[in-house]
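Descriptive structure summary
Residue-level listing of the chains:
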Amino acid sequence: PERLDEGGPVLGVLPHARYSGGAVQISAGDTLIVYSDGINEAEDLQQAQFGDDRVLQIVTETSTHPPQEICERIMSQVAGFAAPGMIQDDRTLMVVRFLKSRAAMTA
């Protein structure tokens, strides 16, 4: 797993915010997982956060599963962890698996 730390503040809130970009090498079979802070900052009754480590553990355990299953597992684990009641923040999650391109297959 490789964490992408480049970026900046939340998009659309600060009109003059500056952002930085990074680059990584992507290969066929790699999986990209992007989530909002409503995932890792979801709190239980003792106000402990779900955390990036729990997300990483789920991703590691399901790395060979289809993206939809990875997404469903993360979302269900977060929902089971979080204190019941009103969700305090959005929970946005995207899981993408990169496949070999047709151009690469014919080259």
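Refer to the preceding data block for the structure.
Below is a summary of the structure that appears in this document. Please read these numbers as outputs of a predicted model, since none were measured by experiment. (Residues numbered from 1 in each chain as written. Predicted model: local features only at pLDDT ≥ 70, side-chain atom pairs only at ≥ 80, totals over all residues. Heavy atoms only, no water.)

**Re a negative patch on the surface**
Negative charge collects at one region of the surface, where Asp37, Glu41, Glu43, Asp89 and Asp90 lie side by side. Looking at the secondary structure, you find Asp89 in the loop between α3 (67-81) and β2 (93-97). With relative accessibility at 32%, the residue Asp89 sits in the partly exposed group. (Patch = residues over 30% accessible without salt bridge, like charges linked within 9 Å, V, L, I, M, F, W, Y side chains within 5 Å. Areas by Shrake-Rupley, 256 points an atom, 1.4 Å probe, with all protein chains shown as cover. Salt bridge = Lys/Arg side-chain N within 4 Å of Asp/Glu carboxyl O. Lys, Arg positive; Asp, Glu negative; His and termini not counted. Charge placed at Lys NZ, Arg CZ, Asp CG, Glu CD. Helix = DSSP H or I, 4+ residues; strand = E, 2+ residues; numbered from the N terminus. Buried < 20%, exposed > 50% of the residue type's maximum accessible area, 1.4 Å probe, protein only.)

**Some details on the environment of Gln77**
Structurally, Gln77 is set in helix α3. Along the backbone, Gln77 and Glu61 are 16 residues apart, and their C-alpha atoms lie at a distance of 13 Å. Non-local contacts of Gln77, meaning those with residues more than four positions away in its chain, are made with Phe50 and Ile58. (Contact = heavy atoms within 4.5 Å.)

**Details of the nonpolar core**
Ile39, Ala42, Phe50, Val55, Ile74, Val78 and Leu93 are the most contacted members of the largest nonpolar core, which has 13 residues in total. Going through the elements one at a time, α2 (51-61), α3 and β2 are the ones with two or more residues in this core. Considering each element in turn, this core owes the most residues, 4 residues, to α3. Leaving out residues up to four positions away in the same chain, Val78 has contacts with Ile39, Ala42, Phe50 and Arg91. (Core = buried A, V, L, I, M, F, W, Y, C linked by side-chain atoms within 4.5 Å.)

**A word on the side chain of Ser36**
Along the chain, Ser36 falls in the loop between β1 (31-35) and α1 (37-40). Residue Ser36 is classed as buried on the basis of its relative accessible area of 16%. A polar atom in the side chain of Ser36 sits 3.1 Å from the side chain of Asp90. Discounting chain neighbours no more than four positions away, the residues touching Ser36 are Asp90, Arg91 and Thr92. (Polar contact = N/O pair within 3.5 Å; in protein donor to acceptor, adjacent residues only side chain to side chain.)

**Some thoughts on the pattern of salt bridges**
Summed over all chains, the structure comprises 2 salt bridges. A salt bridge links Asp5 to Arg3; its shortest N-O distance comes to 2.8 Å. A relative accessible area of 59% means that Asp5 is categorised as exposed. Arg3 sits in the exposed class, given a relative accessible area of 55%. Two residues, Asp52 and Arg3, come together in a salt bridge whose shortest N-O distance is 3.3 Å. Of this pair, Asp52 sits in helix α2 while Arg3 sits in the segment before β1; the two residues are 49 residues apart in sequence, bridging distant segments of the chain. Residues participating in the shared-partner salt-bridge network are Arg3, Asp5 and Asp52.

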